[in-house]
Amino acid sequence: YLVHQEIVVRRRTQFDLNKAKARIHIVEGLLKAIDNIDEIIHIIRTSYDDALEKLMQRFDFSEIQAQAILDMRLKRLQGLEKEKLQSEFDELTALIEKLTEILNNRHLLLNIIKEELTEIKTKYSDDRRTKILRDEGDFEEEELLEEEDMFITITNKGYIKRISTDAYKVQHRGGRGVNAMGMKDGDFIKDMFATTTHQDLLFFTNKGKVYSLKAYEVPEASRTARGSNIINLIQIDADENVTQVLALDKDKEDDQFIIFITKNGKVKKTSLSLYENIRKTGIIAIKFDEGDELIDVKLVEKNENVIIVTKKGMSLQFNVDQLRDLSRNAIGVKAITLNKDDEVISFDLVKDNEFLAVISENGYGKKTELSNYTTQNRGGKGIRTYKIAKKTGDVACAKALKNEDEILLISKKAEVIRIKAEGISTLSRNTSGVLLKNTDKGEDAIVAVAKYFEE
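Computed from a predicted model, the values in this text were never measured in an experiment.

The rules we used
- Residues numbered from 1 in each chain as written.
- Predicted model: local features only at pLDDT ≥ 70, side-chain atom pairs only at ≥ 80, totals over all residues.
- Heavy atoms only, no water.
- Phe/Tyr/Trp six-rings, centres within 6.5 Å; stacked < 30°, edge-to-face > 60°.
- Buried < 20%, exposed > 50% of the residue type's maximum accessible area, 1.4 Å probe, protein only.
- Lys NZ or Arg CZ within 6 Å of the ring centre and 35° of its normal.
- Pairing = 2+ DSSP bridges.
- Helix = DSSP H or I, 4+ residues; strand = E, 2+ residues; numbered from the N terminus.
- Axes fitted to C-alpha atoms, helices over the stretch in contact; angles between N-to-C directions.
- Parallel < 35°, antiparallel > 145°, perpendicular 65-115°, else oblique.
- Contact = heavy atoms within 4.5 Å.
- Nonpolar A, V, L, I, M, F, W, Y, C, P; charged D, E, K, R; others polar.
- Core = buried A, V, L, I, M, F, W, Y, C linked by side-chain atoms within 4.5 Å.
- Polar contact = N/O pair within 3.5 Å; in protein donor to acceptor, adjacent residues only side chain to side chain.

*Asks:* How should the packing of aromatic side chains be read in this particular structure?
*Replies:* Any pair of aromatic rings gets described here by the distance separating the centres and the angle formed by the planes. In total, this model carries three aromatic pairs according to the counting rule given. A centroid spacing of 5.6 Å and a plane angle of 40 degrees characterise the contact between F59 and F61, whose relative ring orientation is tilted. Like F61, F59 is buried. Feature note: the residues F204, F260 and Y275 constitute an aromatic cluster, connected by ring pairs. Over the ring of F257 we find K269; its NZ or CZ atom is 4.7 Å from the centre of that ring. In this arrangement the basic side chain of K367 is found over the ring face of F355, its NZ or CZ atom lying 5.2 Å from the centre.

Right under this line is the structure:
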């Protein structure tokens, strides 16, 4: 709130300063006009339609000053009082000096906020006169809320917020985008995804536990706000971090599964029914080998295909029916064989007539028709899906999409650019693509991609 007040007071001060500068400019012209009043009146009376140009040429008035003189009635022009104008000029000069000092001195600006808030406190600081209680009726809270599209963002240090999808307008590829959050202490946006206020969210942590929360329970914030610390929303331990979030439809199917993929290429399929009625303190969702971590989770049905993409540009597509159902406590099985310097960075469901968009750390990317990716057996090395070059950096993320979809690219500096999928070049698998987002010559890096589509 204090940050917001600082923005408000600064904008208000700048508005007053601009207004004062505009007025003093006119007053300067009127003071000059008084000293030449007879000649000015003569020029106005003898001109046809060129009085403005003549005044500007004869007395070096600006167009604004000359127009202000012409807009006055002759009677008022003759009766202008120099002393009154000079007094106004002196007052405006002092005001401009004061406002400029406030804008240049944050200490003065904060003192103004302090004085205004103290005044509000003095005037309205009586205790609350009503109590707000939740009625024990036969309805869910979400029944009172309109279902709305929104984005959820989560930072590396555990800050979370929801924001309207209108906050990010579609832009052309290659731009810098807009700021998505005020970053502090080296924090950065780790994940961003589209959902609705009525969906359930499952939060998976680095300890292999899962917690549940309604989407509307995530506090709404502005585009540049940091958000709320997730530790205030779910009961995770102090040394526990949320690594992935899964949004569930309220009308969940009984035969759906959750697929887990880890950094070291392990995959696990578990029935969604095992994750119902999650306690506030969470339940075990998956176990890891030492040094491994969760990369992504997806909700799938039988006979669906998924594709894995690695940091060094390899990919492997396989059918989920190759996986047997495992318990919540299981570790999982090998999904892809990785080279020593490689790791899994993306995992997505794929359907017919879709493309695979692959984006590099330095903002280069392209999309490739999924018909170029044959279904393989899990556990293999896969095939090349991206040509890594010095200018591109390693692969940052990948997403299966259709031409009518839109995606948001998110960088470490919390800049977001929203672009149409149809604007991304369609190229073969072993290519680098074109620049989608400017990352300041390597000073920034792409960390996530979110898909958004109109329904």
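Next comes the rest of the description.
*Asks:* Hey, could you run me through the sheet that holds strand β13 (residues 305-310) in this one?
*Replies:* The strands that make up a sheet are held in pairs by hydrogen bonds between backbone atoms, and each pair lies either parallel or antiparallel. One open sheet accounts for four strands, arranged β16-β13-β14-β19; its pairing is antiparallel. The outermost strands of the open sheet, each flanked by one partner alone, are β16 (344-350) and β19 (383-384). The sheet contact formed by β13 and strand β14 (residues 314-319) spans five bridges and is antiparallel. Paired with V306 across the bridge in β14 is F318.

*Asks:* So what exactly am I meant to see when it comes to the packing of helix α1 (residues 2-35) against helix α7 (residues 106-124) here?
*Replies:* Two measures define how a pair of helices packs: the angle their axes make with one another and the distance between the axes. Interaxial distance between α1 and α7 falls to 10 Å at its minimum, and their mutual angle equals 110 degrees. Overall, the two elements α1 and α7 adopt an arrangement that is roughly perpendicular. When α1 is examined against α7, the residues L2, Q5, E6, V9, R10 and R12 are found in contact with a partner set consisting of R106, L109, L110, I112, I113, E116 and L117. For the contact of α1 with α7, the per-class residue count stands at seven nonpolar, one polar and five charged.

*Asks:* Please clarify how the nonpolar core should be interpreted in this entry.
*Replies:* In a soluble, globular protein the nonpolar side chains are often hidden away together inside. Core analysis: the largest hydrophobic core is formed by 26 residues, its most contacted members being L30, I40, L55, F61, I69 and L85. Of all the secondary structure elements, the ones that give two or more residues to this core are α1, α2 (37-46), α3 (51-59), α4 (63-70) and α6 (82-104). Per-element tally for this core: the top contributor is α1, with nine residues. Discounting chain neighbours no more than four positions away, the residues touching L55 are I40, I43, D60, F61, A66, I69 and L70. Among the nonpolar cores identified, the runner-up in size contains 17 residues, and V267, V306, I308 and L349 belong to it.

*Asks:* Which parts of the structure should I look at to understand the sheet that holds strand β5 (residues 200-205)?
*Replies:* Here we have four strands laid out as an open sheet, ordered β8-β5-β6-β11, and antiparallel in their pairing. Strand pairing shows two members of the sheet lacking a second neighbour, β8 (242-248) and β11 (283-284), which therefore form its edges. Sheet topology places β5 next to β8; six bridges connect them, and they run antiparallel. Considered in β8, the bridge of F204 is made with Q244.

*Asks:* I tried to follow the environment of S271 on my own but got confused; where do I start?
*Replies:* Tracing the backbone shows S271 in strand β10 (residues 266-271). When its relative accessible area of 17% is taken as the criterion, S271 is described as buried. Note: C-alpha distance between S271 and E301 (30 residues apart in sequence) is 9.8 Å. When near neighbours in sequence (up to four residues on either side) are disregarded, S271 contacts Q256 and F257. Within the structure, the side chain of S271 is placed 2.8 Å from the side chain of S273, a separation counted as a polar contact.

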